[in-house]
Amino acid sequence: MLAIVRSATVNGVRGHPVDVEVHVGSGLPGFTIVGLPDASCREARDRVRAALMSSGHDWPQRRITVNLAPSDLKKTGPSLDLAIAVGILGAIDTIDRSLLDEFGFLGELGLDGTVRPIRGALPMGDAIKTPSVVAPHDNGLEMTLLDRSVFPVTTLAEVIDCLSGKQAWPDPPEVMPSTVRRIRPELQDIRGQKLAKLALAISAAGGHHLLMVGPPGAGKTMLARRLPALLPDLTESEALEVTRIHSAAGELTAAKVPLIDPPFRAPHHSASAVSLIGGGAASMRPGEISLAHRGVLFLDELGEFTPSALDGLRQPLEERVVRVTRAHSTAKYPASVQLVASMNPCPCGESGAPGACRCSDAARARYHRRVSGPLLDRFDLRIGVQRPIASELFAEPFGETSAEVAERVAEARSRAIARSGHINAMIKPLDLDSIVPLTDSARSILETALSQGRLSARGVGRVRCVSRTIADLEGGGDEVTVEQLCLAMSLRVDPFGFGQ
Ligand SMILES: [Zn+2]
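Residues numbered from 1 in each chain as written. Predicted model: local features only at pLDDT ≥ 70, side-chain atom pairs only at ≥ 80, totals over all residues. Heavy atoms only, no water.

Asks: Where do I start with the coordination of the zinc ion in this structure?
Replies: Four donors placed tetrahedrally around a metal ideally meet at 109.5 degrees, and six donors placed octahedrally ideally meet at 90 or 180 degrees. Binding of the zinc ion to the protein goes through Cys-346 (SG), Cys-348 (SG), Cys-357 (SG) and Cys-359 (SG), at separations of 2.1 to 2.4 Å. The sequence pattern describing where the donors of the zinc ion fall on their chain is C-x1-C-x8-C-x1-C. Taken as a pair, Cys-346 in the loop between β17 (338-343) and α13 (361-369) and Cys-359 in the loop between β17 and α13 lie far apart in primary sequence, 13 residues in all. In terms of burial, Cys-346 and Cys-359 fall into one category: buried. (Donors = N, O, S within 2.8 Å, 3.2 Å for Na, K, Ca; no water. Helix = DSSP H or I, 4+ residues; strand = E, 2+ residues; numbered from the N terminus. Buried < 20%, exposed > 50% of the residue type's maximum accessible area, 1.4 Å probe, protein only.)

Laid out in structure tokens, this is it:
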């Protein structure tokens, strides 16, 4: 007998529908899975057999063939286990086959018959076009984002009982993302650091990458953690897109609410290139740069990351997408991030204070070489951050709150988008003259900086983009003033005193 069960697989952050066709017929007892399963998908044979027997059902001593259609699509991971088990029960008439068209099934099976959570439940749920989806209980929360009924289940026995009418389907969890309030770390908690706070606002408004160089204890990490609070709210479709990526990475659990804040990711400097960028040999998953999509990727101690990891970041930063190619598939992960990095000025971290640095010239040069010129070039904003002085530390909170800055940032962003359709960090060199027209005096300042080697040709263009953002933040008109241009130049210092 033949049963067909709807399920799905995930590639990149997109789900693809899969029809699980199960045939149980005469012949020597055996169990074959065809249709391009990967290793963990093929191992379903052993999991499904044990789970069915643990749930109180006999294993049919007949020839079982499972075809995963379409057969040219690679199926990865154990998420088809539940569909295969249900298909076998349908093929031997334990379950009424006519019911199966109503449901899609997702879930990994444990040997004891439990239904375990899976990676990518949300994009897979998207791909299944049946009126209802049966999914693992621990994926229930993310599945509430689907626009159809979802039944979160904990065991295979429960699924069988519900399908045969012995018990009612469980209700989905209640929490909807719109009821969750946004968390904003407060900018006022940081004393002093006027310049760094200004750079954060400019960075948020224009989407400019920011490098902070300063001694340990200057508050670089605290500053970086405030950046997501300054970014605009994610729209519903953006939040869904971000949640899909986190679902594909298996980062969402029963306890964790679907994302509404722009994400903040701070991978450790020992992170491998794969964990930073995405991919992986056995099963592909998004990297930190994609988990930070529409939010902030913070690289603390930039110079300590491996050169291969940093090199790998350059292309995704430019293209705002990661492409990973393997034998049977190519995965695409969105990666539009705001990069914030911090570094000590030298290995001991004290080179800002006169006489305090204990590093040799060679050690300093080696340290600076770690961050390659092309990567350094990606940072439109490069500032020095010093430790706050005592009088600042004990002063009353001052300056704008995070919410106030976020409001100005949102206005500046909408000005930029109304003008050119994108944020200022994405202004193309060819569009500079029309978007950032220069006065004569502004032009001569840039020419001087170029001829003195203080700015590269690319640097001139990037300074103009930043000056546009400053003008947008200040609510200015079409023309960028000389003061705004000079401020942009002062926020692109050479942090180590070597070529721009
Ligand atoms: Zn030093």
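Now, onward.
Asks: What is the right way to look at the domain arrangement of the protein chain in this model?
Replies: Where interface size is quoted, it is often the accessible area lost as the parts come together. Once the domains are mapped, the protein chain shows domain 1 (2-163) and domain 2 (187-490). Taken together, the contact between domain 1 and domain 2 spans 16 residues of the former and 25 residues of the latter. In total, domain 1 and domain 2 occlude about 1,700 Å² of area from one another, counting both sides; carbon and sulfur atoms represent 60% of this. On the domain 1 side of the contact with domain 2, Val-13, Arg-119 and Leu-141 bury the most area, a combined 38% of that side's loss. Where domain 1 meets domain 2, there are one salt bridge. Between Arg-244 and Asp-126 there is a salt bridge whose closest N-O contact spans 2.7 Å. Counting the contacts that link domain 1 with domain 2 gives seven residue pairs in polar contact (both at pLDDT 80 or more). Those elements that place two or more of their residues in the side of domain 1 that touches domain 2 are α4 (121-127) and α5 (140-143). Partitioned by chemical class, the residues of the side of domain 1 that touches domain 2 number seven nonpolar, three polar and six charged. (Domains from an automatic or database assignment. Contact = heavy atoms within 4.5 Å. Buried area = accessible area lost by both parts, 1.4 Å probe. Salt bridge = Lys/Arg side-chain N within 4 Å of Asp/Glu carboxyl O. Polar contact = N/O pair within 3.5 Å; in protein donor to acceptor, adjacent residues only side chain to side chain. Nonpolar A, V, L, I, M, F, W, Y, C, P; charged D, E, K, R; others polar.)

Asks: Whenever I open this one, the packing of helix α18 (residues 440-451) against helix α20 (residues 482-490) confuses me. Can you help?
Replies: When two helices pack together, their arrangement is given by the angle between the helix axes and the distance between those axes. It is at 9 Å that the axes of α18 and α20 come closest, and there the two elements cross at 25 degrees. By the angle between their axes, α18 is roughly parallel relative to α20. In this structure, α18 crosses over α20, and the sense of that crossing is right-handed. Residues Ser-441, Ala-442, Ile-445, Leu-446 and Ala-449 of α18 form the contact with α20, whose participating residues are Val-482, Leu-485, Cys-486 and Met-489. (Axes fitted to C-alpha atoms, helices over the stretch in contact; angles between N-to-C directions. Parallel < 35°, antiparallel > 145°, perpendicular 65-115°, else oblique. Left-handed = near helix turned anticlockwise from the far one by under 90°.)

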